[in-house]
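Per-entry structural report
One-letter residues, chain by chain:
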Amino acid sequence: MRKLVVGNWKANKSLAEALGFADAVCSRMDSASGTWEAWVAPPAPYLALLVEQYRENQSLRWVSQQVAAHTAGAHTGEFTAEMLKDCGVHAALVGHSERRERFGETDEVVRTKVSRCIAAGLLPVLCCGETREEREAGVAFARVQAQLEDALGGVEGDVVVAYEPVWAIGTGLTATSAQAEAMHAHVQVVLAGLGLSHIQVLYGGSVNPANVSDLFAQPHVDGALVGGASLDAESFLQLIEAGR
Ligand code: PGA
């Protein structure tokens, strides 16, 4: 099955660079076949413009890196799931480890955000993953299971899950394909236990054109959430091609 590639630009790129990237990727994807698709999460200020500019394009979908846990109201600096949906945004990352670590996103906040997205018709991309200490202590599987149960218990609706071991994000260290496969198989078991089936589970953490084929060869790896290697159009296209 075709693998889904989701780029996460984090706080990178000027507007001109964002548009140049989108032009390059769209023209190559469209001329290739029109049947493949990738998602990109740019910085929030560019989202509405990118959605508008590439509205006719079927191959690239736009994702928000962030979404409020609140509904509309006096929450300076926040933007709601409804607003993102209204702008034509397809999905939102929820529970990324950088948000959990640096912006105090607790499991409870993550759960609320997932519910807000689903209620607004916005697809949540739920990120989970253990720290290095948790892996070394042998509790990686339990930690990921707890994150999934906290965020998705009782949830009905479509979600995408991204397993991103924290120790592999932006570090150049990737989980081996065997480590990724073992965790992804576990994630599917946990999701089934929560009554969620047919959920795409992406791997994230230093994915690049050199290691992507091994990861995509694993039966439970349905795609990749990619930071650093999604910044360059050429390497992003290589990742997409590896998933075809
Ligand atoms: P990375 O980031 O590919 O640069 O490790 C992945 C992520 O944070 O989603």
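Look up: the structure comes first, before these words.
First things first, this report covers the structure right here in the doc. Since this is a predicted model, take the numbers as computed values, not measurements. (Residues numbered from 1 in each chain as written. Predicted model: local features only at pLDDT ≥ 70, side-chain atom pairs only at ≥ 80, totals over all residues. Heavy atoms only, no water.)

Moving on: the overall build of the protein chain. Secondary structure summary: the protein chain contains 10 helices and eight strands in total. Relative to the compact-globule value of 18 Å for 244 residues, the protein chain shows a C-alpha radius of gyration of 17 Å, a close match. Here the C-alpha coordinates of the protein chain stretch approximately 45 × 45 × 30 Å along the principal axes. Taken across its 244 residues, the protein chain has 50% of its residues classed as buried. Roughly 10,600 Å² of accessible area belongs to the protein chain as shown, and the carbon and sulfur atoms make up 51% of that amount. (Helix = DSSP H or I, 4+ residues; strand = E, 2+ residues; numbered from the N terminus. Rg over C-alpha atoms; globule rule 2.2 N^0.38 Å. Buried < 20%, exposed > 50% of the residue type's maximum accessible area, 1.4 Å probe, protein only. Areas by Shrake-Rupley, 256 points an atom, 1.4 Å probe, with all protein chains shown as cover.)

Scanning the entire structure with this criterion turns up 12 salt bridges. Ionic pairing is found between Lys10 and Glu98, a salt bridge with its closest N-O pair at 2.8 Å. Residue Lys10 is found in the loop between β1 (4-8) and α1 (15-32), and its partner Glu98 is found in helix α4 (residues 97-102); the two are separated by 88 residues along the sequence. Here Lys10 falls in the partly exposed class, since its relative accessible area comes to 21%. In this structure, the salt-bridge partner of Glu105 is Arg99, at a minimum N-O distance of 3.5 Å. The partly exposed category is assigned to Arg99, whose relative accessible area is 22%. (Salt bridge = Lys/Arg side-chain N within 4 Å of Asp/Glu carboxyl O.)

Another point: the site of the ligand. Around the ligand, 13 residues are found, and the nearest of them are Lys10, His96, Glu164, Gly170 and Ser206. Interatomic distance of 2.7 Å between a side-chain N/O atom of Lys10 and an oxygen atom of the ligand. Within the backbone of Gly170, one N or O atom sits 2.6 Å away from an oxygen atom of the ligand. Compared with its free state, where it exposes 280 Å², the ligand has 95% of that area covered by protein. (Near = heavy atom within 4 Å. Polar contact = N/O pair within 3.5 Å; in protein donor to acceptor, adjacent residues only side chain to side chain.)

Looking at the secondary structure, you find Val155 in the loop between α7 (140-152) and β6 (160-163). For the pair Val155 and Ala16, spaced 139 residues apart in the sequence, the C-alpha separation amounts to 39 Å. Contact partners of Val155, with chain neighbours within four places excluded, come to Val114, Ile118 and Leu196. (Contact = heavy atoms within 4.5 Å.)

Where α7 meets helix α8 (residues 177-193), the closest approach of the two axes is 10 Å, and the angle between their N-to-C directions is 35°. When you trace α7 past α8, the crossing you get is right-handed. When α7 is examined against α8, the residues Ala140, Phe141, Val144, Gln145, Leu148, Glu149 and Leu152 are found in contact with a partner set consisting of Ala182, Met183, His186, Val187, Val190 and Leu191. For the contact of α7 with α8, the per-class residue count stands at 10 nonpolar, two polar and one charged. (Axes fitted to C-alpha atoms, helices over the stretch in contact; angles between N-to-C directions. Left-handed = near helix turned anticlockwise from the far one by under 90°. Nonpolar A, V, L, I, M, F, W, Y, C, P; charged D, E, K, R; others polar.)

Where helix α2 (residues 44-53) is concerned, the buried positions are Tyr46, Leu47, Leu50 and Val51. One face of α2 carries all of its buried residues, which in axial projection span an arc of 135°. (Arc of directions from axis to C-beta.)

All right, on to unusual backbone geometry then. Most peptide bonds adopt trans geometry, and most residues besides glycine take a negative phi value. In this model, Lys10 sits at a positive phi of 55°, which is unusual for a non-glycine residue. Positive phi, normally seen in glycine, also occurs at Ser206, with a value near 55°. Locating Ser206 in the fold gives a position in the loop between β7 (200-204) and α9 (212-216).

Glancing now at the pairing of β7. Most of β7 is tucked away, with four of its five residues classed as buried. In this structure, β6 lies alongside β7, joined through four bridges in parallel fashion. Within the sheet, the bridge partner assigned to Ala162 lies in β7 and is Leu202. Traced from β6 through α8 to β7, the parallel crossover comes out right-handed. In the sheet, β7 pairs with strand β8 (residues 223-226) via three bridges, with the strands oriented parallel. Residue pairing for β8: Leu202 is matched across the bridge by Gly223. (Pairing = 2+ DSSP bridges. Right-handed = clockwise from strand over helix to strand, strands pointing away.)

This part takes up the packing of aromatic side chains. Taken as a whole and assessed by the stated rule, the structure comprises four aromatic pairs. With 4.8 Å between their ring centres and 80° between their planes, Trp9 and Phe21 make a pair best called edge-to-face. Here Phe21 lies in helix α1 and Trp9 lies in the loop between β1 and α1, a separation of 12 residues in the sequence. Judged by its relative accessible area of 4%, Phe21 falls in the buried class. Taken together, the aromatic side chains of Trp9, Phe21 and Phe236 make up a single cluster linked through ring pairs. Seen from the ring of Trp9, Lys13 lies directly overhead, with NZ or CZ sitting 5.1 Å from the centre. Above the plane of the ring of Phe103 lies Arg99, whose end atom (NZ or CZ) is 4.1 Å from the centre. (Phe/Tyr/Trp six-rings, centres within 6.5 Å; stacked < 30°, edge-to-face > 60°. Lys NZ or Arg CZ within 6 Å of the ring centre and 35° of its normal.)

What is shown is where atoms sit, not what they do.
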